[in-house]
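Architecture at a glance
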4 protein chains.
Amino acid sequence: MTYRVGVVGAAGYAGIELVRLLIAHPEFELAVITSNADAGTPLAAAYPAFTGVSDLVFTSHDNPALATCDVVFLAVPHTAALAQAPGLLAQGVTVIDLSADYRLDDPAVFEQWYAAAHTSPELLATRAFGLPELFAEGLARAAEGHAKGEAQLVACAGCYPTATSLAAAPALRMGLVDAAAPIVVDAISGVTGAGKTPGARTHFCHADENLEAYNVCRHRHTPEIEQILAAPGCVVFTPHLAPLRRGLLSTVTMVLAKDAAADLTAADIVERYRAFYAGRPFVQVLDAGACPQTASVVGSNVCQIGLALDARTGVLVAMGAIDNLCKGAAGQAVQCANIVCGLAESAGLPTSALPV
Amino acid sequence: MTYRVGVVGAAGYAGIELVRLLIAHPEFELAVITSNADAGTPLAAAYPAFTGVSDLVFTSHDNPALATCDVVFLAVPHTAALAQAPGLLAQGVTVIDLSADYRLDDPAVFEQWYAAAHTSPELLATRAFGLPELFAEGLARAAEGHAKGEAQLVACAGCYPTATSLAAAPALRMGLVDAAAPIVVDAISGVTGAGKTPGARTHFCHADENLEAYNVCRHRHTPEIEQILAAPGCVVFTPHLAPLRRGLLSTVTMVLAKDAAADLTAADIVERYRAFYAGRPFVQVLDAGACPQTASVVGSNVCQIGLALDARTGVLVAMGAIDNLCKGAAGQAVQCANIVCGLAESAGLPTSALPV
Amino acid sequence: MTYRVGVVGAAGYAGIELVRLLIAHPEFELAVITSNADAGTPLAAAYPAFTGVSDLVFTSHDNPALATCDVVFLAVPHTAALAQAPGLLAQGVTVIDLSADYRLDDPAVFEQWYAAAHTSPELLATRAFGLPELFAEGLARAAEGHAKGEAQLVACAGCYPTATSLAAAPALRMGLVDAAAPIVVDAISGVTGAGKTPGARTHFCHADENLEAYNVCRHRHTPEIEQILAAPGCVVFTPHLAPLRRGLLSTVTMVLAKDAAADLTAADIVERYRAFYAGRPFVQVLDAGACPQTASVVGSNVCQIGLALDARTGVLVAMGAIDNLCKGAAGQAVQCANIVCGLAESAGLPTSALPV
Amino acid sequence: MTYRVGVVGAAGYAGIELVRLLIAHPEFELAVITSNADAGTPLAAAYPAFTGVSDLVFTSHDNPALATCDVVFLAVPHTAALAQAPGLLAQGVTVIDLSADYRLDDPAVFEQWYAAAHTSPELLATRAFGLPELFAEGLARAAEGHAKGEAQLVACAGCYPTATSLAAAPALRMGLVDAAAPIVVDAISGVTGAGKTPGARTHFCHADENLEAYNVCRHRHTPEIEQILAAPGCVVFTPHLAPLRRGLLSTVTMVLAKDAAADLTAADIVERYRAFYAGRPFVQVLDAGACPQTASVVGSNVCQIGLALDARTGVLVAMGAIDNLCKGAAGQAVQCANIVCGLAESAGLPTSALPV
């Protein structure tokens, strides 16, 4: 069975990555792509990589054909999903939301960090959180509901929370580290993470040959990371921008729990991580001492994880590398949609990057 | 039917791109990969993008298992193919050669430009030239021979000749331009074109934020371009290096034939080019005035062509953009192998790049 | 004696490079910087490289203090200089114009290529053309006038014309090449050449890892190059964009004159070029066969020239590398101002790039 | 008075940056440059940026003319300075050592981290540590000794320790943070930091579009940072490589001391940092909330510092941006030499970067 799908906000970077994945997907048929700014423009005119590949044309966000889809992906800025998700759900359309609008359990936290009212908090209780390797149960429930014909809402994790949590959560859940100590997250993103809208920060001549941190101690992914890691008030998150297009590396430094510090080697921790992620197609835990590279995952839905243990200072350094547009956004959304639709989790998703 | 294939020189950049394409190919089973320098090393250790994707291990070039393959790709430096092709052919293995060794019709021209003796000139008469869009007949003959069980030799075109010729050949073959006037080819390549061996020129700190021409008036692809374009002594070829990994853009300036200059518009020429390439899955001729971008083809086997006509000076500017490792090397080799094996020309070959 | 100078359009890329050079200049005192968009903003707030270096604040273009300057540099888009130069000149201020407004001798050519009326064509007859190595006489006359207290107008050459002409003009002026044959100019620029205003083309994620030609056969620098080279209707100019910030490389292919082709070696031509540029501090002619690199000149006012002769096809390939913002814009403007003010031509101008 | 100076290891990246600075220095005359690999090669042949600027030629390390210098800079790998410094000192030559050989107070720590014997530990007691903003006294003593004609040894701080310590030391020395808690240092360097020798990691096609950590929990700058910060066993240092040439950004996360957390704002801390660095020409403390960018300091000897305070988690995030080759190596060495020779600290040192 083929599912009819649509993408709202398809001309942005996460949106166009969804288009790439969905055009090649064996079970999804991409029927509608919307972009208010590019309505009427052929896909290939806006993105020449699709020349000769697709005849799709952008339509506006209010395209009624969205209601005819089985699944709609929302690749829109925060608050824009609040405006569209309830209506689509009411029309029986399953919504995979890539925005931040339904990620935070507590609408008050959303309102505090996003400075906007949450207009459909009632959906939060039943939405599934879209980070399959860490929140499998919610997605399994959503799949059951979908099989019964009930429209589902999935709130996909953000890019930084995905790389950070896949690297850090196993250690925390297994009690290897002290969750009450500060968890220091220094992450570096390529410039696609800053979005498609041209601006001073995304100008080539600003970003090229440059490194900078931004939104220090106030990035909106902070409460999301704390929620995923169950470590409220403990995450110090400093995002950085570096001169590359795709790729996100998160380096997480955590204080080892007393007994873990005494007993474990890095190889032990690698082994436990591998057991934790056994059977998951998109997480690869590298050998102890090996460091993940973003270039090894770009274009794929893979997260590569590296682990180093510092007996000297009693810390664990966990690193996660992803393609911020794929596993950090569109790929994860498709992975969630696959699960909700009862397909193989990896259907249509690349498992390897260009080798060079 | 699945074909068993091998790659000699699989750890170099063209070789590893072959590995990427062949692992994902629906009809080829990659059985042997060789690299003298990396013999014994697992593929994923040398190229972490393959972690979790393949358990292949590099073996040395003299691996006898090569003789058990239906098809062997040679991704080796010039003269190294001279050393391996005859033996493989004698063992009944079809050889797809990515090196320069069998490209030039005249062994004396090879010896002049490559400063090496040609040790198997007798193979030149029957080898097919591997640029399917311009030399279909030879590949069709090779396919017939292969179907009869006769081992075939294909000499794939080089990266610069491919982009240059796909952009220029239609105008020349259709008599739109004066083949006796100088044909000026200024091409720009990403650094993968310089190969994997580390050196002063490929050091990041040399290549980054830098532009330079090299081998001006003496690059070895010059006689190959002249052979393809049937324009001996007319091609002025200046290759340049720019700070990107993959991507090759060739800009060809040709003097219009008298009548063409008077009668044709750019749109006319676009139309004729589209007719010329009708039915070819990997060549896209852009609308008049549009310029191809290398980022639109990277990772794919596509060549995008742009055309501009300058009535003022009476010239045609034809631009071709390819991924130098894919359509300029490994992808074209797989395309040739597909044809020789009687498969769909596009089997296993990507037709679109990452959109951003 | 110190001269008081101002920069109109100081927040753009050419303007801010002027600011850099003028702050460090031993004889010029930078008194006024204007930017309508940034009026009121401290220089260091807009460009953090000036933190702790300068307390200048941007003012608006109509700042009356401009009239108190000895020299004002106009780093504004075309037509904006038409609006400011006459008034400043009338107030006795020498104007160094970096825009295109006064470059072309014939106002009709300006109007044709720039689609704008020329509102002060009477200034064209007496303005000096700002490319000192090729138009020394006009600048010498301007220096005489300036010494008498007469305000002067200098129209500085554009970035592409500068690199192209420094590479090609000696061969043409010395009769080594056939000026009536097409002169093929393929040039590559860094992204600063596209200006500071953010847009789709200058977005990091568009420009990075990408190569493209643009404005093929219709770039506005074409008539300027033809004027400088005295080769009307002969220049085919194709500009390209590559992923670097600063740097411009122009590769010029010219058909050798019959006797030159027979008699000269590349070393002969190098020798003649060196004689041509003897005593000029900013032009370096490399040994025969050596290719100039943009990284070797970035940050400096130098043009490095490489020359290759192709006896096979009878052409000369001349390459010029400059920093498009320095020798291609601000540095050349300061060089012109130095000459007009009777200072050493190289006062305050860097003669070497960062080595790596 | 002019000082005669030499550079040992002048063809490496730190060495060539020394050459750049010393050629332009008003008080130092660069008389000798050595490189065993490039002995006999003209400077401009190895680094074309010096074409027309200098006629210096590389000589070998055993050039006896080194003994005729007032000051010799050692820009050599670790242990190579051990081989040269004692001899030069014995000949009365002041030595500014950029290597790690004399940085660590305790030779046992050196031997542990560098796996090499320390062959002149007796020099450690009297050498000055070359980080002028934090260790002024030692350099002042060295200046006194030098004025008396006694040869001095300065061990310049490494690149990561410089950026890290300038950002973190004021908070620690002023008691604002808890030095016993883990100090998490995540730093990102451009590829010049990996040195000039070509290798797999510095190949353009590896480093471009890639992010990776390396030497996690075992980088040799760790004990040096702990020594400078007087925080033994507390520093968790994770260096990262990003695709740029020059530039180093260190992000340091420190737990606030109890009372500091309660009482101070970010603006307070900025004010205290500015007081701490009052009068230092090369350290700029940005306004609270502003983040330093490496592009704002490249080519200069400046360190820009940004500070953010997170009341939520009780931490201070201090960021330092430098040019790793200038303030992180050659510039700092010249700064130290200036001080030791009794010159202005900033003589010959650039205080601003290219603005774009």
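Everything below is about the structure printed above this text.
Residues numbered from 1 in each chain as written. Chains lettered and ligands numbered in written order. Predicted model: local features only at pLDDT ≥ 70, side-chain atom pairs only at ≥ 80, totals over all residues. Heavy atoms only, no water.

**Observations concerning the interface of chain A and chain D**
A common way to report how large an interface is uses the accessible area buried once the components associate. Formally: Two residues form a contact once any of their heavy atoms are found within 4.5 Å. Buried area: the accessible area, evaluated with a 1.4 Å probe, that two parts lose upon being put together, summed over both parts. The rule for a salt bridge is simple: a side-chain nitrogen of Lys or Arg has to be within 4 Å of a carboxyl oxygen of Asp or Glu. In this text, helices come from DSSP runs of H or I with a minimum length of four residues, and strands from runs of E with a minimum of two, each type numbered from the N-terminal end. Ten residue types, Ala, Val, Leu, Ile, Met, Phe, Trp, Tyr, Cys and Pro, are classed as nonpolar, four, Asp, Glu, Lys and Arg, as charged, and the remainder, Gly among them, as polar.
Residue-level contacts link 47 residues of chain A with 47 residues of chain D. Across the interface of chain A and chain D, roughly 3700 Å² is buried in total on both sides, 64% from carbon and sulfur atoms. On inspection of chain A and its partner chain D, the count reaches two salt bridges. When the shortest N-O distance is used, the salt bridge between E226 of chain A and R312 of chain D registers 2.8 Å. Among the elements of the structure, β7 (183–189), α7 (204–207), β8 (212–213), α8 (221–229), β9 (235–241), β10 (248–255), β12 (303–310) and β13 (315–322) of chain A are those that each provide at least two residues to the side of chain A that touches chain D. Here the side of chain A that touches chain D is composed, by residue class, of 27 nonpolar, twelve polar and eight charged.

**Some thoughts on the relation of the copies chain A and chain D**
Let me state the cut-off plainly: The fit set for superposing copies consists of C-alpha atoms from residues with pLDDT of at least 70 in both; the fit itself is least squares.
Structural alignment of chain A on chain D gives an RMSD of 0.0 Å, achieved by rotating through 180° and translating 0.0 Å along the axis. Overall, the copies show the geometry of a two-fold rotation axis. A shared interface surface links the copies, since 100% of the contact residues of chain A are contact residues in chain D too.

**Looking at the interface of chain A and chain C**
As a reminder of what qualifies: Distance and chemistry together define a polar contact, namely a pair of N or O atoms within 3.5 Å, with one atom able to donate a hydrogen and the other to accept it when in protein, and with adjacent residues in sequence counting only for side-chain atoms on both sides.
The interface is formed by 19 residues belonging to chain A together with 19 residues belonging to chain C. For the pairing of chain A and chain C, the buried interface totals around 1500 Å² over both sides, and the portion due to carbon and sulfur atoms is 68%. When the area that chain A buries against chain C is broken down by residue, the three leading residues are H203, F204 and R245 of chain A, summing to 47%. Between the two partners, chain A and chain C, sit zero salt bridges. Summed over the shared surface of chain A and chain C, the result is eight residue pairs in polar contact (both at pLDDT 80 or more). Here the side of chain A that touches chain C takes three residues from α7 of chain A, the largest share from any one element. Classifying every residue of the side of chain A that touches chain C by side-chain character gives nine nonpolar, six polar and four charged.

**Things to note about the packing of aromatic side chains**
Just so we agree on the cut-off: Pairing of aromatic rings covers Phe, Tyr and Trp, the last through its six-membered ring, and needs centres within 6.5 Å; plane angles under 30 degrees mean stacked, over 60 mean edge-to-face, and all others mean tilted. Type-normalised accessible area, obtained with a 1.4 Å probe on protein chains alone, sets the label of each residue: buried when under 20%, exposed when over 50%, and partly exposed for intermediate values. Definition used: whenever NZ (Lys) or CZ (Arg) falls within 6 Å of the ring centre and also within 35 degrees of the ring normal, the charge is taken to sit over that ring.
For the coordinates displayed, the defined rule picks out 22 aromatic pairs over all chains. Considering the side-chain rings of Y160 of chain A and F237 of chain A, the 5.0 Å spacing of their centres and the 65° angle between planes classify their relative orientation as edge-to-face. With Y160 of chain A in helix α6 (residues 159–173) and F237 of chain A in strand β9, the pair connects residues that are 77 residues apart, well separated along the chain. On the accessibility criterion, F237 of chain A (1% relative accessible area) is buried. With centroids separated by 5.3 Å and ring planes inclined at 15°, the aromatic side chains of F204 of chain B and F204 of chain D adopt a geometry described as stacked. Residue F204 of chain B is found in helix α7 (residues 204–207), and its partner F204 of chain D is found in helix α7 (residues 204–207); the two belong to separate chains. Across the pair, exposure class does not vary: F204 of chain B and F204 of chain D are buried alike. The ring of F135 of chain C is capped by R173 of chain C, whose NZ or CZ atom sits 5.4 Å from the centre of that ring.

**Some words on the sheet that holds strand β9 (residues 235–241) of chain D**
All names here are of chain D. Keep this limit in mind: Strand pairing is assigned whenever DSSP detects at least two bridges linking the two strands. Between the N-to-C directions of two axes lies an angle of 0 to 180 degrees, each axis being a line fitted to C-alpha atoms and, for a helix, fitted only over the stretch in contact.
Taken together, the seven strands give an open sheet; going across it, the order is β8-β9-β7-β10-β13-β12-β11, and neighbouring strands pair in mixed fashion. Sheet topology places β8 (212–213) and β11 (283–285) at the edges, where each strand pairs with a single neighbour. Two strands pair when backbone bridges link them, and strand β10 (residues 248–255) and strand β13 (residues 315–322) are joined in this way by eight bridges, in the antiparallel orientation. Residue pairing for β13: L248 is matched across the bridge by I322. Packed onto the sheet, helix α8 (residues 221–229) meets β7 (183–189) and β9 and runs at close to 130° relative to β9.

**What to know about the relation of the copies chain A and chain C**
Each copy of the sequence occupies a distinct position, and chain A is placed on chain C by a rotation of 180° and an axial shift of 0.0 Å, giving an RMSD of 0.0 Å. A shared binding surface is used by both copies, with 100% of the interface residues of chain A retained as interface residues in chain C.

**Details of the pattern of salt bridges**
Overall, the coordinates contain 44 salt bridges over all chains when judged by the stated rule. E345 of chain C is paired through a salt bridge with R280 of chain C; the nearest N and O atoms lie 2.6 Å apart. Placement of the pair is E345 of chain C in the segment after α11 (326–340) and R280 of chain C in the loop between α10 (266–276) and β11 (283–285), with a sequence separation of 65 residues. Pair check on accessibility: E345 of chain C and R280 of chain C agree, each one buried. Three or more residues joined by partner-sharing salt bridges are found here, namely E17, R20, R246 and D323 of chain A.

**Describing the side chain of T34 of chain B**
Mapped onto the elements, T34 of chain B comes out in strand β2 (residues 28–34). For T34 of chain B, a relative accessible area of 0% gives the class buried.

**Re the sheet that holds strand β3 (residues 71–74) of chain A**
Residues and elements named next belong to chain A. Across the sheet, six strands lie side by side as β2-β1-β3-β4-β6-β5; this open sheet has parallel pairing. Only two strands of the sheet have a single neighbouring strand rather than two, namely β2 (28–34) and β5 (128–130). Pairwise comparison of adjacent strand axes, ignoring direction, gives a mean angle of 25° for this sheet. Taken together, the six bridges between strand β1 (residues 3–8) and β2 define a ladder with parallel strand orientation. Within β2, the position partnered with R4 by the bridge is E29.

**Considering the pairing of β9 of chain D**
All names here are of chain D. With seven of seven residues buried, β9 is to be regarded as a mostly interior element. Here β9 shows two buried faces, one formed by V235, F237, P239 and L241 and the other by V236, T238 and H240. As paired elements, β7 and β9 share seven bridges and run parallel to each other. Counted as the bridge partner of S189 is L241 from β9. Where β8 meets β9, two bridges bridge the pair, whose relative direction is antiparallel. Along β9, the bridge assignment pairs E212 with L241.

**Focus on unusual backbone geometry**
At E209 of chain A, a position not held by glycine, the phi torsion is positive, near 55°. Residue position: E209 of chain A is located in the loop between α7 and β8. Note on E209 of chain A: relative accessible area 7%, which makes it buried. In this model, A230 of chain D sits at a positive phi of 55°, which is unusual for a non-glycine residue. Note on placement: A230 of chain D falls in the loop between α8 and β9.

**A look at the pairing of β10 of chain D**
All names here are of chain D. With respect to burial, β10 is a largely interior element, seven of its eight residues being buried. Two elements, β7 and β10, share six bridges in a ladder whose sense is antiparallel. Residue pairing in the sheet places A187 in a bridge with S250 of β10.

**Regarding helix α1 (residues 13–23) of chain A**
Taken across its eleven residues, α1 of chain A has nine buried, putting it largely inside the fold. Buried within α1 of chain A we find Y13, G15, I16, E17, L18, V19, R20, L21 and L22 of chain A. On the buried face of α1 of chain A, the contacting elements are β1, β2, α2 (43–46), β3 and α11 (326–340) of chain A together with α7 (204–207) of chain C.

**Focus: the packing of helix α1 (residues 13–23) of chain D against helix α11 (residues 326–340) of chain D**
Residue and element names in this part refer to chain D. Which entries qualify depends on this criterion: Angles are sorted into four bins: roughly parallel if under 35 degrees, roughly antiparallel if over 145, roughly perpendicular if 65 to 115, and oblique for all others. Crossing chirality is assigned from the near helix's rotation relative to the far helix, an anticlockwise turn below a right angle marking it left-handed and a clockwise turn marking it right-handed.
One can describe the packing of α1 onto α11 by two numbers: an axis separation of 9 Å at closest approach and a directional angle of 45°. The pairing of α1 with α11 is recorded here as oblique in orientation. Of the two elements, α1 crosses α11, and the hand of that crossing is right-handed. For the pair formed by α1 and α11, the contact residues are A14, E17, L18, R20, L21 and L22 on the first element and C326, A329, A330, G331, A333 and V334 on the second. Here the contact of α1 with α11 is composed, by residue class, of nine nonpolar, one polar and two charged.

Interpretation note: all reported values are geometric properties and have no functional meaning in isolation.
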